[in-house]
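What follows is each chain in one-letter form.
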Amino acid sequence: MVKFQSDFLQKIRENTNITDIVGSYVSLKKKGKRYWGCCPFHNEKTPSFSVSPEDGLYYCFGCHEGGDTFSFLQKMENLTFIEAVERLAELAHIELPQAEMSVEEQRRHSQNQELYKVLDLAAVYFHNCLTKTKIGVVGKEYFQGRNLSANVINQFKLGFAPASWHKLYHDFTTIKHIQDKVLVDSGLVGYKNGRHYDMFRNRCMFPILDVKGRVVAFGGRVLDDSKPKYLNSPETSIFNKRKLLFAFYQALPEIKKTRQAIMVEGYMDAISLHAHGIKNVVASLGTAFTIEQARLLKRYADEVVFSYDMDEAGQKATKQALEIANNVGLSIRVLKLSEGKDPDEFVNYYGKESYLEAVIEAKPAMDYLLSSLLKQYDRTSLEGQHLILAEMFSVLSARGDSFEFNLYIQKMAQALRVDEGLVRNEAKLYAEKNNPKIYISQQNQRTEIEIPLSKEEEKQKILEEENHFDFGVLESAVENAQYLDIRQIAEQTEKDVVSVDAVSVLGENDVIIDIRSPEEIDENPLHIENQAMIQLPFYKLSGQFAELDQSKHYVLYCERGVMSKLQALYLKESGFNNVSVFKKSR
């Protein structure tokens, strides 16, 4: 064991706060003199992990792990004692004295240093193959085709592995005199049937760095139909893919500055965003979001924005990330890009500003999860409703926030168009069985106070009066000209509307705008003689405002009351103050 003077170790303890150190990995809440959170060393839903600032100690009453800041870092980061002391001394800005290492410590330290050295050498080797030899021409063409400049290639130390089965092995053993065992231990070389061979062949190479900027592994992408398409280094004594993120070292300054990280799936997604000036981007290493990665990000960020491909796998990853993020106190939002593009395609096509706008508009993860479940299952069927509730309950229960759970009970009831009391009762039964600490409130009648409404509040009031329609869905349908969505909204309106006699409301200055779909017009044409009339589906209306004579009085005609109310409001917001509504009786 390394020997440090007790007064030096005490100096580190006095200049570091165990609550801050542990709190960078675990979400802590103060109760009395102690801080409490869910134990990072075993899975639990009820906090049993305590930290005592006065004593400088932590202890878990569940798994009985305990110790001080040194042992905490050793366990969390898989560090040796000397590495933990070095880390804390650096945080406390205390100069580290020379220390004596045990034989085992010396062996492990020496082995790791050899791995760092050979992997750094390999990064230079691959980079030179890409940029300085004919071997890397195909790799250079690939990166140039992905719009990467020479500066970006240098920044990420991108490279190319020769197609030969033995070139790296031969060069490193005969020219650099590196031992076979070191090459095998590093993951650069494999050994089978008595022969050594290069693990990475004919691949574009992506160095993976640790938090100190040291090369610890590689990712390689093929340029042909070989399998696997992506190949990562095996885990070693200095590389654990669950604990690191691609581009984390390059992104760290911006993550610290913004307290936000953007998580993408692919190496090229991360590199392309960095190349466009979006610097707080990291990528997973072929795994789902892990608790170790969440703890790493929590040390420097308060929020993670997920920019994954939002297919079924992306939805599953988001659900897992929600449960993990809650355990460490991270906020999560989900970014959905238009036209199903991945971040690399999107930023190259639309540019930096459009991507940043999408980041700003990213949904809170629970909102995204609910909307994705509504698309995944049939919300009108009993089976679909049960599936949606079951998945939402599962995540909300794991998060353990009573206020959040009760808020989403209301949202789920509105989205499913079912009685809130029924959802609340189901939620209560689920919570009692799976997480009794969650409090599900009784549905109370609220006293409404009349206050002046903003335009957005006026929209919301209309929606509440008309069976809780989602105006965001309507606006999206209008913006994207998706008439099907508008019809579905209209068809789901079940309230009666007021009948109006067309003859009594129409005058010489009136113009009827029939805002039904072409199919509806053909099925049930409107016959009014001697009257100006425009047949203009509502999704086109917003683009025709400039061409309409605002001195006229416009009468909107549609089949459903809520649709005409919202459309009239939409017109008024655009400067048309002289608008009436014609509601066909049912």
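Residues numbered from 1 in each chain as written. Predicted model: local features only at pLDDT ≥ 70, side-chain atom pairs only at ≥ 80, totals over all residues. Heavy atoms only, no water.

**Brief notes about the confidence of the model for the protein**
For the record, the criterion: Scored from 0 to 100, pLDDT reflects the predictor's confidence in each residue. What makes two residues a contact is simply this: any of their non-hydrogen atoms within 4.5 Å.
Summing up the model confidence of the protein, the mean pLDDT is 80 and the portion of residues at 70 or higher is 73%. Across residues 445–451, where pLDDT falls below 50, the model places one contact with residues more than four positions away in sequence or in other chains. Note on residues 462–505: pLDDT is under 50 here. Beyond four places in sequence and across chains, it has 80 contacts.

**Some remarks on helix α6 (residues 137–145)**
Worth spelling out the cut-off: In this scheme, a residue with accessible area under 20% of its type's maximum is buried, one over 50% is exposed, and one in between is partly exposed, where area comes from a 1.4 Å probe on protein chains only. A run of H or I in DSSP counts as a helix once it spans at least four residues, and a run of E counts as a strand once it spans at least two, with each numbered from the N terminus. Working note: the arc is built from the helix axis to C-beta atom directions.
Restricting attention to buried positions, one finds in α6 the residues Gly139, Tyr142 and Phe143. For α6, the angular spread of buried residues about the axis comes to 95°, placing them on one side. The exposed set on the far side of α6, more than 90 degrees from its buried face, consists of Glu141 and Gly145. Taken together, the buried residues of α6 touch α5 (103–132), α7 (150–155), β6 (159–161), β9 (203–209), β10 (215–222) and α11 (267–275).

**Things to note about the layout of surface pockets**
Applicable threshold: Residues are called lining when one of their atoms sits within 4 Å of a cavity or pocket point, these points coming from a 1 Å grid over the protein atoms alone, where a cavity is a set in which a 1.4 Å probe fits but cannot get out and a pocket is an open set with protein on both sides within 12 Å along at least five of seven lines. Grid points are joined across faces, edges and corners, and a volume is the space filled by probe spheres set on the points. Classification used: nonpolar for Ala, Val, Leu, Ile, Met, Phe, Trp, Tyr, Cys and Pro, charged for Asp, Glu, Lys and Arg, polar for all others including Gly.
The space that makes up the second largest pocket amounts to roughly 780 Å³. Residue lining of the second largest pocket: 33 residues in total, with Glu77, Asn78, Leu79, Arg87 and Ile238 positioned closest to the centre. Among the secondary structure elements, those contributing two or more residues to the lining of the second largest pocket are α3 (69–77), α4 (81–91), α5 and α12 (291–298). The leading source of residues in the lining of the second largest pocket is α5, at five residues. In the lining of the second largest pocket, the residues fall into 13 nonpolar, seven polar and 13 charged.

**What about the nonpolar core?**
The condition is simple: Buried Ala, Val, Leu, Ile, Met, Phe, Trp, Tyr and Cys residues that are joined via side-chain atoms within 4.5 Å together make up what is termed a nonpolar core.
If you look at the biggest cluster of nonpolar residues, it comprises 62 residues, and the most contacted ones within it are Phe143, Leu188, Phe218, Phe246 and Tyr355. With 10 residues, the single largest contributor to this core is α5. Among residues more than four places away in sequence, those in contact with Phe246 are Phe156, Phe206, Pro207, Ile208, Tyr267, Ala270, Ile271, Val282, Ala283 and Leu285.

**Considerations on the pattern of salt bridges**
If the charged atoms of two oppositely charged side chains come close together, the side chains can form a pair. Here is the rule we go by: For this document, the term salt bridge refers to a Lys or Arg side-chain nitrogen within 4 Å of an Asp or Glu carboxyl oxygen.
As enumerated under the stated definition, the model contains 13 salt bridges in all. Notably, a salt bridge pairs Arg13 with Asp68, separated by 3.4 Å at the nearest N-O pair. Separated by 55 residues along the polypeptide, Arg13 in helix α1 (residues 6–15) and Asp68 in the loop between β5 (66–67) and α3 bring together distant segments of the chain. When the shortest N-O distance is used, the salt bridge between Glu292 and Arg242 registers 3.2 Å.

**Points about the sheet that holds strand β11 (residues 230–232)**
Quick note on the threshold: Two strands qualify as a pair provided that DSSP identifies no fewer than 2 bridges between them. Interaxial angles span 0 to 180 degrees and are taken between N-to-C directions of axes, which are lines fitted to C-alpha atoms, for helices over the stretch in contact.
Here we have four strands laid out as an open sheet, ordered β6-β9-β10-β11, and antiparallel in their pairing. The sheet is open, and its two edges are formed by β6 and β11, each paired on a single side. Here the average twist between neighbouring strands, direction ignored, is 35°. With three bridges connecting them, β6 and β9 associate as antiparallel partners. Opposite Phe160, over in β9, you have Cys204 as the bridge partner. Contacting β6, β9 and β10, α5 crosses the sheet at an angle of about 35° to β10. Along the sheet, α11 contacts β9, β10 and β11; its crossing angle with β9, the most-contacted strand, is approximately 75°.

**Quick word on the side chain of Ser186**
Basically, it comes down to this: N or O atoms closer than or at 3.5 Å make up a polar contact, with two conditions inside protein: a donor-capable atom paired with an acceptor-capable one, and, for residues adjacent in sequence, both atoms drawn from side chains.
Positionally, Ser186 belongs in helix α9 (residues 180–186). Judged by relative accessible area, which is 1%, Ser186 ranks as buried. Polar side-chain contacts of Ser186 include one of 3.3 Å to the backbone nitrogen of Leu188. If we ignore the near neighbours within four places in the chain, the residues touching Ser186 are Leu115, Val118, Leu119 and Thr236.

**A short note on the sheet that holds strand β2 (residues 34–37)**
The pairing of strands in a sheet comes from backbone hydrogen bonds and takes either a parallel or an antiparallel form. Spatially, β1-β2-β3-β4-β5 is the arrangement adopted by the five strands of the open sheet, whose pairing is antiparallel. Sheet topology places β1 (29–31) and β5 at the edges, where each strand pairs with a single neighbour. The pairing of β1 with β2 spans three bridges and is classified as antiparallel. Paired with Lys30 across the two strands is Tyr35, which belongs to β2.

**Observations regarding the packing of aromatic side chains**
To keep it simple, the criterion reads: For Phe, Tyr and Trp, rings pair up if their centres lie within 6.5 Å, where Trp contributes its six-membered ring, and each pair is then called stacked (planes under 30 degrees apart), edge-to-face (over 60) or tilted (otherwise). Whether a charge lies above a ring is judged from NZ of Lys or CZ of Arg, which has to be within 6 Å of the ring centre and within 35 degrees of the ring normal.
Enumeration over the complete set of coordinates arrives at 30 aromatic pairs. Both rings, one in Trp36 and one in Phe61, keep their centres 5.8 Å apart while their planes meet at 20°; by these two values the pair is stacked. A residue pair is termed long-range when its members are at least 10 positions apart, and Trp36 in strand β2 and Phe61 in the loop between β4 (57–60) and β5 qualify at 25 residues. Between Phe393 and Tyr430, the aromatic rings sit 5.7 Å apart at their centres with planes inclined by 50°, giving tilted as the arrangement. In this pair, Phe393 sits in helix α17 (residues 382–399) while Tyr430 sits in helix α19 (residues 420–434), placing the two residues 37 residues apart along the sequence. On the accessibility criterion, Phe393 (4% relative accessible area) is buried. In textbook terms, an aromatic cluster arises when at least three aromatic residues are bridged by ring pairs, as seen for Tyr142, Phe143, Phe156, Phe206, Tyr230, Phe246 and Tyr267. Over the aromatic face of Tyr116 sits the side chain of Arg214, whose NZ or CZ is 4.1 Å from the ring centroid.

**What to know about the environment of Ser331**
On the secondary structure map, Ser331 appears in strand β15 (residues 331–334). A residue is classified by how much of its surface remains accessible, and Ser331, at 37% relative accessible area, is partly exposed. Distance in space between the C-alpha atoms of Ser331 and Ala365 is 8.5 Å, their sequence separation being 34 residues. In contact with Ser331, not counting residues within four places along its chain, are Asp302, Glu303 and Val304.

**Structural notes on unusual backbone geometry**
Negative phi values dominate among residues other than glycine, just as trans dominates among peptide bonds. Each neighbour pair has its own omega, and for Lys227 with Pro228 the value is -5°, a cis peptide bond. Note that Pro228 resides in the loop between β10 and β11. Phi at His64 is positive, roughly 70°, even though this residue is not glycine. On the secondary structure map, His64 appears in the loop between β4 and β5. Residue classification places His64 among the exposed residues on the basis of a relative accessible area of 54%. Even without glycine at this site, Asn147 takes up a positive phi of about 65°. Residue position: Asn147 is located in the loop between α6 and α7.

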